[in-house]
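Structural description and commentary
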Amino acid sequence: FSGDKRGWAEGGADVWLHRHAAPQSHASGAAALAAHAPFRPRRRCATQLLALASEQPVARYPFLDAPQAHNAAWDIVSTHELTSDVPLLLGLTPALAGRLREPPAPSLAAKRARRERGDAVMAVVLHDCGGGRADLVRQLVRYGVTVDSYGKCLHNKDFPGGGDVHERTLARYKFLLVLEPFAAEDYVSESFYRALALGVVPVYLGAPNAAQRFAPG
């Protein structure tokens, strides 16, 4: 969380989200206090719930594991794991989820034109070269795969304009290389969903159950 802020859960329950161990006094009447471990807040009344919410991978931070967190007095656990009390679908906003319900409208003519011109048919948007992801892109290039890289890592291509232009540009490719920062169960980021929404085939490295749980069929 970026700081202290008030929110409302489904059903109108008052929830106070904060990042520090000691909540502000005006959060004492909230139905629940939500925070990122290890900054566990102090209950202000016996009925107040403590909610642990984090987008970090459970495999890297074991204290986020739901049974372990419950044993540490957290009432509600919300992580990327589908077995948590309230699973977080990373980056899957309502708008993006709505697009996934509609058939994608890829520019087949643009994809065909790229192939006929001999242009790259694979793109990647990678801002962090860590975790061996840059080495994987380099290996693809060594095997003769031309990859247009629009991110800060291995940058060799510029987007022509704003955010909507970014999506239209990526939709012209046949493949989008999606490399998650962590290879953990259920850890699937926005990049995977966005590739599907754009009608681009994601070449994916990340959650081992991504195809089975997040894109069946």
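Note: the structure precedes this text.
First things first, this report covers the structure right here in the doc. (Residues numbered from 1 in each chain as written. Predicted model: local features only at pLDDT ≥ 70, side-chain atom pairs only at ≥ 80, totals over all residues. Heavy atoms only, no water.)

**Concerning the overall build of the protein chain**
What the protein chain contains, in helices and strands, is 7 helices and 9 strands. Evaluated residue by residue, the protein chain yields a buried proportion of 37% over its 217 residues. Residue pairs in contact within the protein chain that sit at least 24 positions apart in sequence constitute 47% of those at least 6 positions apart. Surface exposure of the protein chain reaches about 12200 Å², of which carbon and sulfur atoms provide 54%. (Helix = DSSP H or I, 4+ residues; strand = E, 2+ residues; numbered from the N terminus. Buried < 20%, exposed > 50% of the residue type's maximum accessible area, 1.4 Å probe, protein only. Contact = heavy atoms within 4.5 Å. Areas by Shrake-Rupley, 256 points an atom, 1.4 Å probe, with all protein chains shown as cover.)

**What about the pattern of salt bridges?**
Tallied over the entire structure, the rule returns 6 salt bridges. Between Arg99 and Glu167 there is a salt bridge, with the nearest N and O atoms lying 3.1 Å from each other. Placement of the pair is Arg99 in helix α2 (residues 94–100) and Glu167 in helix α5 (residues 163–170), with a sequence separation of 68 residues. Its relative accessible area of 32% is what places Arg99 among the partly exposed residues. Between Arg117 and Asp119 there is a salt bridge, and its shortest N-O distance comes to 2.7 Å. (Salt bridge = Lys/Arg side-chain N within 4 Å of Asp/Glu carboxyl O.)

**Remarks on the side chain of Arg133**
Residue placement: Arg133 occurs in helix α4 (residues 133–142). In this view, Arg133 contacts Leu126, Asp128, Leu179, Glu180 and Pro181; residues no more than four positions away in its chain are not counted.

**Looking at the state of the cysteines**
Tallying each qualifying case throughout the model produces 1 disulfide. The disulfide partner of Cys129 is Cys153, and the gap between their sulfur atoms is 1.9 Å. Looking along the S-S bond of the Cys129-Cys153 disulfide, the torsion reads about 120°, which is the right-handed sense. Remark: Cys153 occurs in the loop between β7 (147–149) and α5 and Cys129 occurs in the loop between β6 (122–124) and α4; sequence separation between them is 24 residues. On the accessibility criterion, Cys129 (36% relative accessible area) is partly exposed. Cys153 gets classed as buried once you look at its relative accessible area, which sits at 2%. (Disulfide = S-S within 2.5 Å.)

**Details of the sheet that holds strand β9 (residues 201–205)**
In any sheet, the strands associate via hydrogen bonds between backbone groups, in a parallel or an antiparallel arrangement. Strands sit in the order β7-β6-β8-β9 across an open sheet of 4 strands; the sheet is parallel. Bordering the open sheet on either side are β7 and β9, each of which pairs with just one other strand. Neighbour to neighbour, the strand axes of the sheet diverge by 30° on average, direction disregarded. Here strand β8 (residues 175–179) pairs with β9 via 5 bridges, running parallel. In the sheet register, Phe175 faces β9, and the bridge partner there is Val201. In the packing of α4 onto the sheet, contacts are made with β6, β7, β8 and β9, and the angle to β8 comes to roughly 150°. In this fold helix α6 (residues 190–198) packs onto β8 and β9, with an angle of close to 160° to the strand it touches most, β9. (Pairing = 2+ DSSP bridges. Axes fitted to C-alpha atoms, helices over the stretch in contact; angles between N-to-C directions.)

**Focus on helix α3 (residues 108–117)**
Restricting attention to buried positions, one finds in α3 the residues Ala110, Lys111 and Arg114. For α3, the buried positions fall inside an angular range of 100° around the axis, keeping them on one side. Turned more than 90 degrees off the buried face of α3, the exposed positions are Leu108, Ala109, Arg115 and Glu116. In this structure, the buried side of α3 is in contact with β7. Looking one or two places after α3, you find Gly118, whose phi comes out positive at around 85°. (Arc of directions from axis to C-beta.)

**So, the nonpolar core**
One finds Ala123, Leu170, Leu176, Val188, Phe192 and Tyr193 to be the most contacted residues of the largest nonpolar core, which totals 19 residues. Every element with two or more residues in this core is listed here: β8, α6 and α7 (210–214). In terms of residue count, the dominant contributor to this core is α6 (5 residues). Excluding residues that lie within four positions of it along the chain, Tyr193 makes contacts with Leu89, Leu90, Leu92, Leu96, Leu100, Val188 and Phe214. Val58, Ala66, Ala69 and Trp74 belong to the second largest nonpolar core, which has 10 residues in total. (Core = buried A, V, L, I, M, F, W, Y, C linked by side-chain atoms within 4.5 Å.)

**Here's the deal with the packing of aromatic side chains**
By the definition in use, this model includes 6 aromatic pairs. Ring geometry for Tyr150 and Phe159: centres 4.2 Å apart, planes at 20°, overall stacked. Consider the rings of Phe192 and Tyr204, whose centres lie 5.1 Å apart with planes at 65°: the pair is edge-to-face. Pair noted here: Phe192 is in helix α6 and Tyr204 is in strand β9, with a separation of 12 residues, a long-range link. Grouped by ring-pair contacts, the aromatic residues Tyr150, Phe159 and Tyr173 constitute a single cluster. (Phe/Tyr/Trp six-rings, centres within 6.5 Å; stacked < 30°, edge-to-face > 60°.)

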